Protein chains: 4
Amino acid sequence: MNQIHVGCRLRYTVQSETTFLFNISVTQNTFQSTTNESIEVSPFHKIEECAVGPLGNRYLRMTANPGDLTIDYRATVELHANEVDSTDVCEVNYENLPADVLTYLNPSRYCESDKLLRFAGEEFGQLVPGYSRVTAICNWTFDHLTYTPGSTGPLTTACDVLIQRTGVCRDYAHLAISMCRACGIPARYVSGYAVRLQPPDFHGFFEAYLDGRWFLFDATRLAPVGGFVRIGTGRDAADVAFATIRGDAQSTEVTVWSDEQQGGDHMLDPDNVQTGVSSAS
Amino acid sequence: MNQIHVGCRLRYTVQSETTFLFNISVTQNTFQSTTNESIEVSPFHKIEECAVGPLGNRYLRMTANPGDLTIDYRATVELHANEVDSTDVCEVNYENLPADVLTYLNPSRYCESDKLLRFAGEEFGQLVPGYSRVTAICNWTFDHLTYTPGSTGPLTTACDVLIQRTGVCRDYAHLAISMCRACGIPARYVSGYAVRLQPPDFHGFFEAYLDGRWFLFDATRLAPVGGFVRIGTGRDAADVAFATIRGDAQSTEVTVWSDEQQGGDHMLDPDNVQTGVSSAS
Amino acid sequence: MNQIHVGCRLRYTVQSETTFLFNISVTQNTFQSTTNESIEVSPFHKIEECAVGPLGNRYLRMTANPGDLTIDYRATVELHANEVDSTDVCEVNYENLPADVLTYLNPSRYCESDKLLRFAGEEFGQLVPGYSRVTAICNWTFDHLTYTPGSTGPLTTACDVLIQRTGVCRDYAHLAISMCRACGIPARYVSGYAVRLQPPDFHGFFEAYLDGRWFLFDATRLAPVGGFVRIGTGRDAADVAFATIRGDAQSTEVTVWSDEQQGGDHMLDPDNVQTGVSSAS
Amino acid sequence: MNQIHVGCRLRYTVQSETTFLFNISVTQNTFQSTTNESIEVSPFHKIEECAVGPLGNRYLRMTANPGDLTIDYRATVELHANEVDSTDVCEVNYENLPADVLTYLNPSRYCESDKLLRFAGEEFGQLVPGYSRVTAICNWTFDHLTYTPGSTGPLTTACDVLIQRTGVCRDYAHLAISMCRACGIPARYVSGYAVRLQPPDFHGFFEAYLDGRWFLFDATRLAPVGGFVRIGTGRDAADVAFATIRGDAQSTEVTVWSDEQQGGDHMLDPDNVQTGVSSAS
């Protein structure tokens, strides 16, 4: 059992009536339970939690009046990671993939896997299928990119990153997802909080569908996978922006934290590829 | 009531064991009911209908042995189009969009709406919101593109089309979808059969979310919207390929037909923008 | 006669031995003569003027030691603009274009005119050939773009700008050049100093080949064409960067000025399209 | 001495008056002399040889009437390759590059070297500068691409090729050129005839500036470098299209040949990287 305190403070200067959609609340699923959660909006505005979809993404929506606006979100989460001996984790044949998983083989806005069929085939096609092949994709991504804050932007795609060889966590995830899909392994983007991430920020990682479950991966090696707290799940970062703004408002602060209460010892080391974390049904 | 016979014949030469996923079966929903449907595979292979997802897409999956393969699909469909006076059809404020519709505002593989915010704002931002604004986007798309078979390929995106000003039905749909999303109107891709389409083929069109429902649109003006029979629905064409092939097989024939039994008189004319077709819940 | 004082101050912090190539010296040609010119390097470093090529671009090359480095360039230039009644200025038939001009019909790094043949044909193909057609391209560029400092970067191309509809002077020039080439009008990029430009900076504009000569144009309308002092000429901005740095040095200051001595009355107004400036042989 | 017969037959159906610019005539320089040359146009049309530029490209221009048109070009060429022990061939420091060579460090339409600085630095930055580094770039290009006729088109760039990993001779040249430029080695595109090329066609290769001269390279290994007969030289393929057509004409035949008279034994083997061919001043 692993208890983690996470949260964020977002501040805006709202110029004219603006609708915000926040994707900052932690997901509730069998691998992650919330023991405590609060959201404060100052000054007070009514905030609506949109209906939760099949992926468990929880959107908070509010329309704010002009002026300063502060959102404080806090949650205490218990992670019940299902550690698995990854040597047994195989890929699922295309013939046997569930229909709702097939979507995650399709290319998406930032993951042009359709352009990378030959590339992925040549780099990863000869590897033994299974968990270790996704690990190889992560290692390859780590080896070929340099983590450079500010080097990419909201329009940057996996193919851009492959050319320029630099990016941030979302770019690492997009590139690895693209390679997985091009190899026939369903993969999707996960946003979340991550303990021991320096500097603290929202994190982007991904999961691959293997052996009938989704397994978490992170090609950046910036934080232990066992300390990830899921916020949102989607095809790529386009689906899980932490804030979508319709109106005229400027961000003035984004502070994110994620502290482990205790027992970080049990967290999986990012370099330890022998044990997989199955974290979504 | 409008009864339509649709179908297709697909032939392949299979070189080695190959898994196919077909998205050729018509959707079942309140606007479209199937009175008759058959699928024949020669030589015989077991074909599985994957579980139908929330969008109603029906995938047929089969693993074929080497040799020639023929798929014959036939259906008789009754369309119960819900004709609406489009002058009353308004856009839905971002504040009030259902959570499961928000997805269709996000950019996708072939619809880079995030690059087109300024473009769409300048071209369509001053228009009166509502059904007529989507019609204006369709007209603009029609006016700025030339329909040229073979001019684009599977990698072509809305932005490519905007530059090269030529494309086929899927490109028209992608460009119009992108402009809608950039204007804040949820929009998604629809594949289907279409009566009076010359030459007969699978068709690609789109729908926009207005007034709490989805309305069909087609920027190509190649066939009457009232004669569209829906196969698949997705973010863009990446989600509804009529055939996905994993293995080694060559297509040798794609024949598509769509015949109205009677009463085509009641079909909506593509140039008639006064009456909208609400065709999905 | 029009006398103009131009110059720039460039400062760098050089970390390790670095070679610089500067393209800041004004061109010498029949339309522009230098009455006074100086270049100061502090601390002193030997600076070499590379051989001047057929375009008259004058490159200064120097290898600097670690430390602070300041370059001060000053020149006094007399402009002998050859004003022409632009109503008489025709396009040159492809059959009659000089061989050395043909190059400026080819696409280049930032001017993908090959992608824009249909676009340009549809927008400008029906216009009367001649000076007024290039003016129409400038007006169209001005009308479709918003001048936004910082909105684009060194990788931005004409097609990017066409999609995002915003840019700076170099982007305006690239887009107009691309449209000219796609219409069969040779066009090339010019960098220079420009009087009355606010804020003062290096400027990017272009010239088109008409009636056997090159004529200056500027789609930004930010400064009078009659007050442009040419530095470099090339296919696009890739050829005339004001500073190319091989080594490890950071820019700490870029100050540019351009002051008319007198007689600015005779400068051509950017909105006055009746009089053309023929400014290169 | 190496005597080679080269030529081509181009046929067109001209619909309306059309101007052609052909770049099919062999260059004359100290490494390549023409002993015999003829051009036949049937039916007869006057053909003009445009003035030869500094690169020695010879353009033939003609305006053809409607009807069938055949161009027959033949030349006998003696190659005086200047074989050099490539182990002695060093790179030229940026400080010492001639001004007219600097252009070939700039990115161009199909060679976006500016995007590849980090990529090239990581792959080739640690190699010993000199002829062998360009050979390493050629080998890397050969190893990472698959030669696939029809896999690319006229819009394909080096970065596209790097992603899709397949191309034809022009794509191999563009990718290798881009990597050279990104490494600080001036490089340019060469079109030509090539003996022993199967199937016979126009060939695209490149040259890199080393040790004060230009050296030929070919990353495709499809033909011996010693049997290349130069037609045109440019920044990339945009500069040396074998036929540029302004008007309405369809190509009905492109036949190319290149036969060695004798003594092919002395040709350099494409795999032999010890001996360089210096073939342009």
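All residue numbers refer to positions counted from 1 along the written sequence of the respective chain. Naming scheme: in the order in which they are written, chains are lettered from A and ligands are numbered from 1. Per-residue local features are limited, in this predicted model, to residues with pLDDT of at least 70; the limit for side-chain atom pairs, both in listing and counting, is 80 or more; totals at the level of whole chains, interfaces and linings are taken over all residues.

1. Points about the overall build of chain A
Then comes step 1: In terms of regular secondary structure, chain A is built from five helices and 14 strands.
Then comes step 2: A globule of 281 residues ought to have a C-alpha radius of gyration of about 19 Å, and chain A, at 19 Å, matches this closely.
Then comes step 3: Along the first, second and third principal axes, the C-alpha atoms of chain A reach 60 × 40 × 35 Å.
Then comes step 4: Considering chain A as a whole, with its 281 residues, one finds that 48% of them fall into the buried category. Numbering of helices and strands runs from the N terminus; a helix is a DSSP stretch of H or I covering at least four residues, while a strand is a stretch of E covering at least two. Each radius of gyration is computed over the set of C-alpha atoms, and the globule rule expresses the reference value as 2.2 Å times the number of residues to the power 0.38. Put plainly, a residue is buried at 20 or more neighbouring C-beta atoms within 10 Å of its own, exposed at 12 or fewer, and partly exposed in between, counting only other residues' C-beta atoms, which are placed from the backbone.

2. A few points about the interface of chain B and chain A
Then comes step 1: Placing a C-beta atom from the backbone of each residue, one calls two residues in contact when those atoms lie within 7 Å. With 25 residues of chain B at the interface, the matching set in chain A holds 25 residues.
Then comes step 2: Elements with a contribution of two residues or more to the side of chain B that touches chain A: strand 4 (60–64) and helix 1 (99–102) of chain B.
Then comes step 3: Considered class by class, the residues forming the side of chain B that touches chain A number nine nonpolar, seven polar and nine charged. Amino acid classes used here: Ala, Val, Leu, Ile, Met, Phe, Trp, Tyr, Cys and Pro are nonpolar; Asp, Glu, Lys and Arg are charged; the rest, including Gly, are polar.

3. Description of the relation of the copies chain B and chain A
Then comes step 1: Each copy is superposed on the other by least squares, with the fit set by C-alpha atoms of residues at a pLDDT of at least 70 in both. When chain B is fitted to chain A, the best match, at an RMSD of 0.0 Å, comes from turning it 180° and sliding it 0.0 Å along the axis. Here the transformation between the copies is reduced to the relation of a two-fold axis. In terms of proximity to the rotation axis, the leading residue of chain B is B:Arg109, whose C-alpha is 2.0 Å off the axis.
Then comes step 2: Here 100% of the contact residues of chain B are again contact residues in chain A; the copies associate through an equivalent surface.

4. Things to note about the domain arrangement of chain A
All names here are of chain A.
Then comes step 1: Reported domain spans reflect what an automatic or database domain assignment gives. According to the domain assignment, chain A consists of domain 1 (2–80 + 244–259) and domain 2 (82–241 + 268–280).
Then comes step 2: Once you take the C-alpha centre of each, domain 1 and domain 2 turn out to be 25 Å apart.
Then comes step 3: Each partner contributes to the interface: domain 1 provides 20 residues, whereas domain 2 provides 19 residues.
Then comes step 4: Within the residue set of the side of domain 1 that touches domain 2, elements represented by two or more residues are strand 1 (2–22) and strand 13 (243–260).
Then comes step 5: In terms of residue count, the dominant contributor to the side of domain 1 that touches domain 2 is strand 13 (five residues).
Then comes step 6: Among the residues making up the side of domain 1 that touches domain 2, the classes are represented as nine nonpolar, 10 polar and one charged.

5. Quick notes on the UniProt feature "domain: Transglutaminase-like" (unreviewed entry) in chain A
Then comes step 1: Following the UniProt record, the feature "domain: Transglutaminase-like" (unreviewed entry) maps to residues 161–221 of chain A here.
Then comes step 2: Annotation note: span residues 161–221 of chain A, helix share 30%, strand share 38%, distance between end C-alpha atoms 17 Å. UniProt positions are given in the numbering used here, feature names are shortened, and annotations may be inferred rather than shown by experiment.

6. So, the environment of A:Thr141
Residue and element names in this part refer to chain A.
Then comes step 1: Mapped onto the elements of the fold, threonine 141 is located in helix 3 (residues 131–144).
Then comes step 2: Sequence separation between threonine 141 and aspartate 218 is 77 residues, and the spatial gap between their C-alpha atoms is 9.9 Å.
Then comes step 3: When near neighbours in sequence (up to four residues on either side) are disregarded, threonine 141 contacts Tyr172, Leu175, Ala176 and Ala219.

7. Examining the packing of helix 3 (residues 131–144) of chain D against helix 5 (residues 169–182) of chain D
A packed helix pair is summarised by two numbers, namely the angle formed by the two axes and the spacing between the axes.
Residues and elements named next belong to chain D.
Then comes step 1: Working convention: axes come from line fits to C-alpha atoms, limited for helices to the stretch in contact. Angles between N-to-C directions cover 0 to 180 degrees. One way to put it is that helix 3 packs onto helix 5 with a least axis distance of 10 Å and a crossing angle of 140°. The angle between helix 3 and helix 5 places the two elements in the oblique class. By crossing handedness, the relation of helix 3 to helix 5 is classed as right-handed. Of the residues in helix 5, those in contact with Val134, Ile137, Cys138 and Thr141 of helix 3 are Tyr172, Leu175, Ala176, Met179 and Cys180.
Then comes step 2: Along the lines of polarity and charge, the residues of the contact of helix 3 with helix 5 split into eight nonpolar, one polar and no charged. Roughly parallel covers angles under 35 degrees, roughly antiparallel covers those over 145, roughly perpendicular covers 65 to 115, and oblique covers all other angles. The crossing is said to be left-handed when, going from far helix to near helix, the turn is anticlockwise and less than a right angle, and right-handed when the turn is clockwise.

8. A few points about the interface of chain A and chain D
Then comes step 1: Tallying the contact residues gives 11 residues for chain A and 11 residues for chain D.
Then comes step 2: Of all elements in the fold, only helix 2 (117–124) and helix 4 (158–164) of chain A reach the threshold of two or more residues within the side of chain A that touches chain D.
Then comes step 3: The element best represented in the side of chain A that touches chain D is helix 4 of chain A, accounting for four residues.

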